[in-house]
Amino acid sequence: MEYTPPPKPQLSSRANAFSIAALMSSGSSKDKESPESTIKPLKQFVEKSSCAQPLSDLSSLDPHGDFSSSPSSLCTEPLIPTTPIIPSEEMAKISCSLETKELWDKFHELGTEMIITKSGRRMFPTIRVSFSGVDPEAKYIVLMDIVPVDNKRYRYAYHRSSWLVAGKADPPLPARLYVHPDSPFTGEQLLKQMVSFEKVKLTNNELDQHGHIILNSMHKYQPRVHIIKKKDHTASLLNLKSEEFRTFIFPETVFTAVTAYQNQLVSR
């Protein structure tokens, strides 16, 4: 008798997310930060309902965070293209610097490992950036996502104290964007303050309903920081391709997702 594998569990139809459209149309007032025990801050995540749809269909997101319950409809491609685009003259003037670079460099030399858990774990080191060259009068959305470095799975060879390729990568997971909860920023704010992504949490739970970024253990990833200029006449962000945005990548922030530290020097 031929073995039939059990059906793969479906994701909940209710995800704690909000649409970019809602963000762009919101005012400057900020809700008071809720205790970490609640999931309210995690509504700042964005998930697209279908990979088959172009970026212009981000408007299909339910404003209350409802998504199709079919796993096949979940987008596993980055919601912001990985292919670099030529920025406008104005956006080309913007620079982004990685704070605590010395700490990241130390981890990078050893091979940064980032712990992921079922319930979600904050990143360490934390991605903190500062911007220059922005228009003080303009408003900007700052986002972060984490994309695979390659299509490989890795294992740690203790006798060699190094990471080795162990085979082909596991199936891709739902792609998510983390929109910084203080967005939109004014350019004046970005010139004066650092932007910290300390509230980002990583998980290996494919059924996560809290908006954490979902990663495969023993795979290498690259965090990316994005800045989008908010247009005053635009009520919603319907097409990322038509928006002015820039993506910044810091190679020293590449990490391997693990459920427990493999390299003893990293754990120290």
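- An unreviewed UniProt entry annotates the protein chain as T-box transcription factor TBX20 originating from Picathartes gymnocephalus.
- Its UniProt record gives the protein chain the following Subcellular location (unreviewed entry) comment, quoted word for word: "Nucleus".

**Quick word on the confidence of the model for the protein chain**
Here comes step 1: Averaged over all residues, the pLDDT of the protein chain equals 76, while 68% of them reach at least 70.
Here comes step 2: Considering only residues more than four positions removed or in separate chains, one finds that residues 11-73, a stretch of pLDDT under 50, has 131 contacts.

**Let's talk about the sheet that holds strand E11 (residues 195-196)**
In a beta sheet, neighbouring strands are held together by backbone hydrogen bonds and run either parallel or antiparallel to one another.
Here comes step 1: The 3 strands lie next to each other as E2-E5-E11, forming an open sheet whose pairing is antiparallel. A single partner strand is all that each edge strand has here, and the edge strands are strand E2 (95-98) and E11.
Here comes step 2: In terms of strand pairing, strand E5 (residues 128-132) meets E11 through 2 bridges, oriented antiparallel. What sits directly across from Arg128, in E11, is Ser196.

**Examining the pairing of strand E16 (residues 255-258)**
Here comes step 1: Side-chain alternation along E16 places Phe255 and Ala257 on one buried face and Thr256 and Val258 on a second face that is also buried.
Here comes step 2: Bridge count between strand E3 (residues 113-115) and E16: 3 bridges; the pairing is parallel. Pairing of Met114 across the sheet is with Ala257, part of E16.
Here comes step 3: Summarising the sheet, strand E14 (residues 220-230) and E16 pair through 2 bridges and their orientation is antiparallel. Bridging from a neighbouring strand, Lys220 pairs with Thr256 of E16.

**Concerning the packing of aromatic side chains**
Here comes step 1: Inspection of the entire model under this criterion finds 6 aromatic pairs.
Here comes step 2: On the basis of an interplanar angle of 65° and a centroid distance of 5.3 Å, the ring pair of Tyr156 and Trp163 is categorised as edge-to-face. Per residue, the accessibility class of Tyr156 equals that of Trp163, and both read buried.
Here comes step 3: Taken together, a centroid distance of 6.1 Å and an interplanar angle of 35° make the contact between Tyr221 and Phe255 tilted.

**What to know about unusual backbone geometry**
Here comes step 1: The linkage connecting Phe124 with the following residue, Pro125, adopts the cis geometry, with an omega of 0°.
Here comes step 2: Counting through the fold element by element, Pro125 comes out in the loop between strand E4 (121-122) and E5.
Here comes step 3: Across the junction of Ser183 and Pro184, the peptide omega takes the value 0°, indicating a cis bond.
Here comes step 4: Tracing the backbone shows Pro184 in the loop between strand E9 (177-179) and strand E10 (185-186).

**Quick look at the nonpolar core**
Here comes step 1: In this structure, Val129, Phe131, Phe197, Leu202 and Ile227 are the most contacted members of the largest nonpolar core, which totals 33 residues.
Here comes step 2: Secondary-structure elements contributing two or more residues to this core are E2, E5, strand E6 (139-148), E14 and E16.
Here comes step 3: Among residues more than four places away in sequence, those in contact with Phe131 are Ile94, Ser95, Cys96, Val142, Leu190, Leu191, Val195, Val225, Ile227 and Phe248.
Here comes step 4: Counting residues in hydrophobic clusters, the runner-up holds 10 residues, among them Cys75, Leu143, Leu177 and Val179.

**Side note on the pattern of salt bridges**
Here comes step 1: Applying the stated criterion across every chain, the model contains 7 salt bridges.
Here comes step 2: For Glu90, the salt bridge is made with Lys229, and the minimal N-O distance between the two is 2.7 Å. One end of the pair, Glu90, is in helix H2 (residues 89-92); the other, Lys229, is in strand E14, with 139 residues separating them in the sequence.
Here comes step 3: Its relative accessible area of 29% is what places Glu90 among the partly exposed residues.

**A look at the sheet that holds E4**
Here comes step 1: Ordered by their spatial adjacency, 3 strands build an open sheet running E4-E12-E13, and the pairing between neighbours is mixed. The open sheet is flanked by E4 and strand E13 (213-214), the only strands paired with a single partner.
Here comes step 2: Summarising the sheet, strand E12 (residues 201-203) and E13 pair through 2 bridges and their orientation is parallel. Each residue of the ladder has a partner; that of Thr203, found in E13, is Ile214.

Criteria and cut-off values
- Residues numbered from 1 in each chain as written.
- Predicted model: local features only at pLDDT ≥ 70, side-chain atom pairs only at ≥ 80, totals over all residues.
- Heavy atoms only, no water.
- UniProt positions renumbered as here; feature names shortened; annotations may be inferred.
- pLDDT = per-residue confidence, 0-100.
- Contact = heavy atoms within 4.5 Å.
- Pairing = 2+ DSSP bridges.
- Helix = DSSP H or I, 4+ residues; strand = E, 2+ residues; numbered from the N terminus.
- Buried < 20%, exposed > 50% of the residue type's maximum accessible area, 1.4 Å probe, protein only.
- Phe/Tyr/Trp six-rings, centres within 6.5 Å; stacked < 30°, edge-to-face > 60°.
- Core = buried A, V, L, I, M, F, W, Y, C linked by side-chain atoms within 4.5 Å.
- Salt bridge = Lys/Arg side-chain N within 4 Å of Asp/Glu carboxyl O.

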